[in-house]
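So you can see what is in the structure, the chains are spelled out below.
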Amino acid sequence: MRKEDLWLELYMDYLSEQDEIKNPSKYIVQNEELDELAEENLIKLRNQALKILAQKKQLSFRDILEKNYEKALSIAEELLRNEKFKIEDFIKQENIAVSYKNFAELSEVEVKDILINHLVLKLEAEKKKSNENADNES
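All residue numbers refer to positions counted from 1 along the written sequence of the respective chain. Thresholds applied to this predicted model are a pLDDT of at least 70 for local features of residues and 80 or more for the giving and counting of side-chain atom pairs; totals over whole chains, interfaces and linings are not thresholded and use all residues. For the side-chain quantities, the full set of heavy atoms in the structure was used; hydrogens and water were omitted.

Draft legend 1. Looking closely at helix H4 (residues 108-137). In this text, helices come from DSSP runs of H or I with a minimum length of four residues, and strands from runs of E with a minimum of two, each type numbered from the N-terminal end. An expected span of 1.5 Å times one less than the residue number is assigned to each helix. Its 30 residues place the ends of H4 43 Å apart at the C-alpha level, agreeing with the 44 Å of an ideal helix rising 1.5 Å per residue. The set of residues buried in H4 consists of Val111, Ile114, Leu115, Ile116, His118, Leu119, Val120, Leu123 and Glu124. Contacts are assigned to residue pairs that have any heavy atoms within 4.5 Å of one another. Against the buried residues of H4 lie helix H2 (32-81) and helix H3 (87-94). The buried label applies to any residue whose accessible area, calculated with a 1.4 Å probe on protein chains only, is under 20% of its type's maximum; exposed applies above 50%, and partly exposed to all values in between.

Draft legend 2. Structural detail: the pattern of salt bridges. Within this document, salt bridges are pairs made up of a side-chain nitrogen of Lys or Arg and a carboxyl oxygen of Asp or Glu, the two lying within 4 Å of each other. Taken as a whole and judged by the stated rule, the model has three salt bridges. Notably, a salt bridge pairs Glu77 with Lys112, separated by 3.3 Å at the nearest N-O pair. Linking Glu77 in helix H2 with Lys112 in helix H4, this pair joins segments that are 35 residues apart in sequence. Judged by relative accessible area, Lys112 falls into the partly exposed class, the value being 25%. Linking Glu94 and Lys122 is a salt bridge whose minimum nitrogen-to-oxygen distance equals 2.9 Å. One end of the pair, Glu94, is in helix H3; the other, Lys122, is in helix H4, and 28 residues separate them in sequence. Judged by relative accessible area, which is 19%, Glu94 ranks as buried.

Draft legend 3. Structural detail: H3. By the burial criterion, the buried members of H3 are Ile87, Phe90, Ile91 and Glu94. Down the axis, H3 shows its buried residues gathered within 100 degrees of arc, on one side only. Away from its buried face by more than 90 degrees, H3 exposes Lys92 and Gln93. Residues of H3 that are buried sit in contact with H2 and H4. Once H3 finishes, Asn95 follows within two positions and takes phi at roughly 60 degrees, a positive value. Our arc is simply the arc of the directions from the helix axis toward the C-beta atoms.

Structural data, given as structure tokens:
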């Protein structure tokens with residue numbers, strides 16, 4: 001083989017490799033099994049990512065609940081001790097969205113749960129708001 005032919009062949013190999021790097025889709029074999037496998041794996045990856053995100057949100061909510069639960073519990077019990085307290089009025093006052101129509105059928109435990117859940121989130125929102133205000137003043 002002549003020296004020029006060898007250099008030409010090496011240069012053509014180099015160009016071919018560069019084309020494969022720049023245009024890989026031209027060199028991928030069209031294969032239904034590979035497409036299905038890729039799709040299955042993408043679905044598995046997405047589901048795993050969603051599961052991890054849900055776990056992070058659940059842990060975050062658990063942290064919020066633990067931090068504010070005692071204070072919310074004491075507020076809820078204080079409200080329930082008040083003879084004039086009505087859950088309907090509280091829900092209207094606080095703008096709480098609920099799916100109940102007949103509040104008279106709610107047990108005291110259910111009312112207490114509604115109050116605690118609302119107060120825990122309200123306390124966390126107030127804390128975030130005060131932290132944002134403190135950051136803005138800095």
